[in-house]
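Read off the chains here:
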Amino acid sequence: MVRVIVESNFEDDRVAVSGLAERVRKESLIRGVAFSHNQFGKCFDVTVEKPGLHLGLKAHVGGRVVGFCFAVAGECVIGEGANVVTVIAFATDHSCRSTMLAGKAAVSLQEGVKRWAGQVQASLVMFHVTSAANSAGSDRFFWKLDMTTLRGNYAYVW
């Protein structure tokens, strides 16, 4: 049995997570935007420096990074007293996608986000999906987790 481990402290895997982020960017709506190690580093650093507002998780099996996510917590923009967690990056490695390993990694990451959302007293968690390569697969995954679809992710892509 393969055990997927999710951790928030992954400074030692910065290079592996950055590489995975660069690879999955090529499948997303922002694939035309050049990957920036500098920008990724800033996002990575803020998860370490401000863990109450930012979350970074990695999923790994036997030391191999197979997934990651980044999320931010903030107040609801149109109401008071509600914290919202927004997942801005959520990915599994293409080499194991559509396998049980990727499914376990994705579910484990999602559970990690839910735990953290509880810690920051969020009343809503939103996953922004920008996958262009497999939107239908992403949709099936989130439906299986009994999540509510917002049916409202739209983008201009130049």
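What you see is a predicted model, and the numbers here were worked out from it, not measured in a lab.

Structural notes on the sheet that holds strand β2 (residues 54-61)
Here's step 1: Here 5 strands make up an open sheet; going across it, the order is β1-β2-β3-β4-β5 and the pairing mixed. The sheet is open, and its two edges are formed by β1 (5-7) and β5 (122-127), each paired on a single side. Ignoring strand direction, the axes of neighbouring strands in this sheet form an average angle of 25 degrees.
Here's step 2: Alignment of strand β4 (residues 83-92) against β5, held across 5 bridges, turns out to be parallel. Residue pairing for β5: T86 is matched across the bridge by M126.

Considering the pairing of β2
Here's step 1: Within β2, 7 of the 8 residues are buried, leaving the element largely enclosed by the surrounding structure.
Here's step 2: Two strands pair when backbone bridges link them, and β1 and β2 are joined in this way by 3 bridges, in the antiparallel orientation. Bridged to I5 within β2 is H60.
Here's step 3: Here β2 pairs with strand β3 (residues 64-75) via 8 bridges, running antiparallel. Counted as the bridge partner of L57 is C69 from β3.
Here's step 4: Between β2 and the antiparallel strand that follows it, β3, lie 2 residues; G62 among them carries a positive phi value of about 55 degrees.

Let's talk about the packing of helix α1 (residues 14-25) against helix α2 (residues 37-49)
Here's step 1: The contact between α1 and α2 brings their axes to 11 Å, and the two run at 120 degrees. Between α1 and α2, the angle falls in the class oblique. Crossing of α1 against α2: the hand is right-handed. Residues R14, V17, S18, A21 and E22 of α1 lie in contact with α2, whose contacting residues are H37, F40, G41, F44 and D45.
Here's step 2: Each residue belonging to the contact of α1 with α2 can be placed in one class, and the counts come to 4 nonpolar, 3 polar and 3 charged.

Remarks on the environment of S95
Here's step 1: When you line up the elements, S95 lands in the loop between β4 and α3 (100-119).
Here's step 2: Classification of S95 as exposed rests on a relative accessible area of 55%.
Here's step 3: Residues S95 and V66 lie 29 residues apart in sequence; the distance between their C-alpha atoms is 8.6 Å.

Quick notes on the rules
Residues numbered from 1 in each chain as written. Predicted model: local features only at pLDDT ≥ 70, side-chain atom pairs only at ≥ 80, totals over all residues. Heavy atoms only, no water. Pairing = 2+ DSSP bridges. Helix = DSSP H or I, 4+ residues; strand = E, 2+ residues; numbered from the N terminus. Axes fitted to C-alpha atoms, helices over the stretch in contact; angles between N-to-C directions. Buried < 20%, exposed > 50% of the residue type's maximum accessible area, 1.4 Å probe, protein only. Parallel < 35°, antiparallel > 145°, perpendicular 65-115°, else oblique. Left-handed = near helix turned anticlockwise from the far one by under 90°. Contact = heavy atoms within 4.5 Å. Nonpolar A, V, L, I, M, F, W, Y, C, P; charged D, E, K, R; others polar.

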